[in-house]
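Here's the letter readout for the chains.
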Amino acid sequence: MTAPFGVVTPGSAAPGASAPATPRNLPHTGGEANPSAEALRAKFGAAIERVDVVWGETTVYVQRARLLDIVRWLHDDPSQQYDYLSDVTAVEHRDLDQPLEVVWHLRSLPFRRFLRLKVRILKGEKLEVDSVWPVYKGADWLEREAYDMFGVNFRGHPDMRRILMWESFKEGYPLRKDFPLRGRFSRSEQLRQALDQDPEARYSMEELSVADAFEDLPPDMRERLASGEKVGE
C-alpha cells in the first residue's frame, strides 16, 4: 500500500512566503530565475547546460544522461519538493539542424514554484530518453502521448505504446515536422485501417479498474464512497 494522500498548502514550505500574487511587468527574457536553477548548478555542475528565463518562467537544459538523477533529486530533496509532474511533451523546430527538445513541466506545490526541464536530442541521434515514471507515476500516459505524437521512446516506461492513435497506426508520428498534413496514405486507406480496429480491445479491464486505488484514498473519502454517496456530479 502506498503512502496516503496528504494535504499540501501551496507555499507552506517557503519561509516567510508572501501571499499569492500575479506577477506583473515581467521582461520577455532575463529577470530573476527560479532558485532551483542555481541549486541544480551547485548540485549537478556540468550536467546543467543552460538556464533561460522567459516571461518569468525558468527553463533548465540538462544532459540527457543525468535527466533521471536530476528529476529524482528535484522530487526527493526537502529543499525542492517538486511533487507534481504536470506535462511531458516535445518540441520539433521548423529547422533541419536544430535539435528536437523533450520537455518536462514540474511544479513544487509546497514552494509554489514552476520549473521546465529540457533535453536536446540532435538530428540523427536516437530519440530515446529515460522515463521519469519511477519518480512520477503520472508520467505513464504523458510519456505515451509524447511517444505517440513525436516518436520519443522513454527508456524504462512500463507500457510504451500508442495512446491516441490506434496501435497499428502505420503513418508515423503526427506532430513531427516530416509528417504530411494529409497523412501518408489515401483517405480511403486511412478509413479502412481505422475501421479495422477493435476499440474495445485497446485496454484491459485491469487497466480500466480503479479498485486498486481505493485503499489509497483518504479514510473520509473511502467511508463516503462505501456508503454509496455520489461525488463529483
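This section reports on the structure supplied with the text. (Residues numbered from 1 in each chain as written. Predicted model: local features only at pLDDT ≥ 70, side-chain atom pairs only at ≥ 80, totals over all residues. Heavy atoms only, no water.)

Going through the model one piece at a time under the given rule, you end up with 13 salt bridges. Notably, a salt bridge pairs Arg116 with Glu57, separated by 2.9 Å at the nearest N-O pair. One end of the pair, Arg116, is in strand E5 (residues 113-121); the other, Glu57, is in strand E2 (residues 57-62), with 59 residues separating them in the sequence. Among the residues examined, Arg116 registers a relative accessible area of 17% and is labelled buried. Lys123 is the salt-bridge partner of Glu92, the closest N and O atoms lying 3.2 Å from each other. Highlighted residues: Glu92 in the loop between strand E3 (84-91) and strand E4 (100-108) and Lys123 in the loop between E5 and strand E6 (128-130), separated in sequence by 31 residues. (Salt bridge = Lys/Arg side-chain N within 4 Å of Asp/Glu carboxyl O. Helix = DSSP H or I, 4+ residues; strand = E, 2+ residues; numbered from the N terminus. Buried < 20%, exposed > 50% of the residue type's maximum accessible area, 1.4 Å probe, protein only.)

Tracing the backbone through its elements, the reader meets Asp69 in helix H2 (residues 67-76). Asp69 sits in the partly exposed class, given a relative accessible area of 40%. Sequence separation between Asp69 and Phe44 is 25 residues, and the spatial gap between their C-alpha atoms is 9.2 Å. In this structure the side chain of Asp69 is engaged in a polar contact, spanning 3.2 Å, whose partner is the side chain of Arg66. (Polar contact = N/O pair within 3.5 Å; in protein donor to acceptor, adjacent residues only side chain to side chain.)

Among the nine residues in E4, eight count as buried, and that is most of the element. By the bridge criterion, seven bridges tie E3 to E4 in an arrangement that is antiparallel. Residue Val88 lies in a different strand from E4, and its bridge partner there is Trp104. Here E4 folds back onto E5 in antiparallel fashion, the turn holding four residues, of which Arg112 has a positive phi close to 55°. (Pairing = 2+ DSSP bridges.)

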